[in-house]
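Below, each chain spelled out in residue letters.
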Amino acid sequence: VTVGGLAACSTPRAAIGATSEAVHRAERARQAAGQRTVTARLAARPATLDLGGPTVQTWAYGGAVPGPLLRATAGDRLKVIVDNALPVTTSVHWHGVALRNDMDGVPGVTQAPIAAGSRFTYDFTVPDPGTYFYHPHTGVQLDRGLYGVFVVDDPAEPGDYDAEWVVVLDDWVDGTGRTPDDVLAALRQGGGAGMDMGGMGMDGMDHGSMGSMGEGMQSALLGGAGDVVYPHYLVNGRVPTAPTILTGKPGQRVRIRLVNAASDTAFRVALGEHRLTLTHSDGFPVLPSTTDALIIGMGERYDVLVTLGDGAFPLVASAEGKTGQGLAVVRTGAGAVPAANAAPAELGKTVLLGTDLRPAASAELTRKGNDTTHDLVLGGSMADYRWTINGKTFEDAAPLAVRQGERVRLRLRNMTMMFHPMHVHGHTFAVAGIGVRKDTVIIRPMQSLDLDLDADNPGQWVTHCHNIYHAEAGMMTTLSYR
Ligand code: C2O
Ligand code: CU
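Since this is a predicted model, take the numbers as computed values, not measurements. (Residues numbered from 1 in each chain as written. Chains lettered and ligands numbered in written order. Predicted model: local features only at pLDDT ≥ 70, side-chain atom pairs only at ≥ 80, totals over all residues.)

### Considerations on the UniProt feature "domain: Plastocyanin-like" (unreviewed entry) in the protein chain
So, point 1. UniProt records the feature "domain: Plastocyanin-like" (unreviewed entry) for residues 51–156, 231–331 and 376–479 in the present numbering.
So, point 2. Annotated as 5% helix and 50% strand, the span residues 376–479 places its first and last C-alpha atoms 11 Å apart. (UniProt positions renumbered as here; feature names shortened; annotations may be inferred. Helix = DSSP H or I, 4+ residues; strand = E, 2+ residues; numbered from the N terminus.)

Quick look at the structure:
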């Protein structure tokens, strides 16, 4: 694989796209053995979007938010031709997928940026079933609306449900005359906590009514608020005053694939008059856990099963620690459309986080001692908007060395008053002492979590906070195979 234009990247890291000859050989063998190929195209381009009232100028895949749903079966080869019709460079990262390193989509680490007006083809074998998503790994482009869901079906296990809904959550800052790049610049200049978006772009929405949920209930689990106050929260690209309607029949069992594509917002999710049974976390099966509500951090995915009642019900995504919510409506029968500010009682009952779940037997990491331990101390503050790992921002961080075949423990300690959803590329980890398999996990203010992973996918893999603003302000480092 040749990667052009590397001289332009000022990264100190040695090998860009360091996928070994062994990986190339394995791919050729699979292809020779009749592997199925799924082909798709993505065009990243400027777009005018109707969010269900507010109209915004932004960047999107194929002119829609979310972008196209991509779907394959585990073991397939996925080929995605990406056309960059943006005025700037871009990239596509396959979030959560343990793919070959040179297809991971991190400019300066695994590939050269895709120049404006040019094309790049991602081509890889899809290893594991599950719910994933894709987005640029370039600046804060994700927050423009460049994202889409990627579902990988399990050939061995069709699943026991009647219907499937994909539900994507987002916080929407763009289209207000201020872009995510402007927001990042303002934060760095000391915009401060809860930077007020100044009522821009409210477009007649009744902001006051959105505040009726009660701050105490909202911020109980994660403590701190987010950095940015957003004018809109979206479910499947729609504001709550014109929600997406999900239709079904009473008694049906529905698998909901929930994805949090927001850049700065964790959501508390509940469906009025229903309980949710969590079955998968970040694509991997968990012991089924039934709850009233769950918290989903940026970059996390949960699959839940619900048995539908008869009527019209609010599926609410309440912005944790902030004021506002996203909404979809589940309709199986008669009944008025729930209000935009519907606050089902389930939001305030039992609430689960990823670390409350246990792995299904098939998702357990084998028992084994650690070969290598790395400490990752998360630091920084809103004051100077410099977010760090071990006191360093990404540009200055020395890569964390691992060896193929090792069991690696990452000891994360959050020394800040903010939660950080930490994400590791190319691997899934088990949360030590809990066992749940994930690739993104919320670390609460002042909390410590140990994450164990098998170093079984050679290359250079970034690990970072999935608050995109924190990652851009430095909270990122690299796992580097040697
Ligand atoms: Cu979804 Cu490195 O991120
Ligand atoms: Cu963070």
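From this point, things continue past the structure.
### Digging into the sheet that holds strand 6 (residues 119–125)
So, point 1. If you walk across this open sheet you meet the four strands as 2-1-4-6, and the pairing is mixed. Of all the strands in the sheet, the pair left with one neighbour each is strand 2 (55–61) and strand 6. Taken pair by pair, the neighbouring strands of this sheet meet at an average axis angle of 20°, ignoring direction.
So, point 2. Sheet topology note: the strand 1 (residues 37–50)/strand 4 (residues 77–84) ladder contains eight bridges and is parallel. If you follow valine 38 over to strand 4, its bridge partner there is leucine 78. (Pairing = 2+ DSSP bridges. Axes fitted to C-alpha atoms, helices over the stretch in contact; angles between N-to-C directions.)

### Concerning unusual backbone geometry
So, point 1. The omega torsion of the bond from valine 65 to proline 66 falls at -5°, within 30 degrees of zero and hence cis.
So, point 2. In this structure, proline 66 sits in the loop between strand 2 and strand 3 (70–73).
So, point 3. Although it is not a glycine, asparagine 236 sits at a positive phi angle of roughly 50°.
So, point 4. Within the secondary structure, asparagine 236 is located in the loop between strand 10 (232–235) and strand 11 (244–247).
So, point 5. The class for asparagine 236 is partly exposed, based on 19 C-beta atoms found within 10 Å.
So, point 6. Of note, asparagine 390 is a non-glycine position whose phi angle comes to about 55°, a positive value. (Buried ≥ 20, exposed ≤ 12 C-beta atoms within 10 Å, placed from the backbone.)

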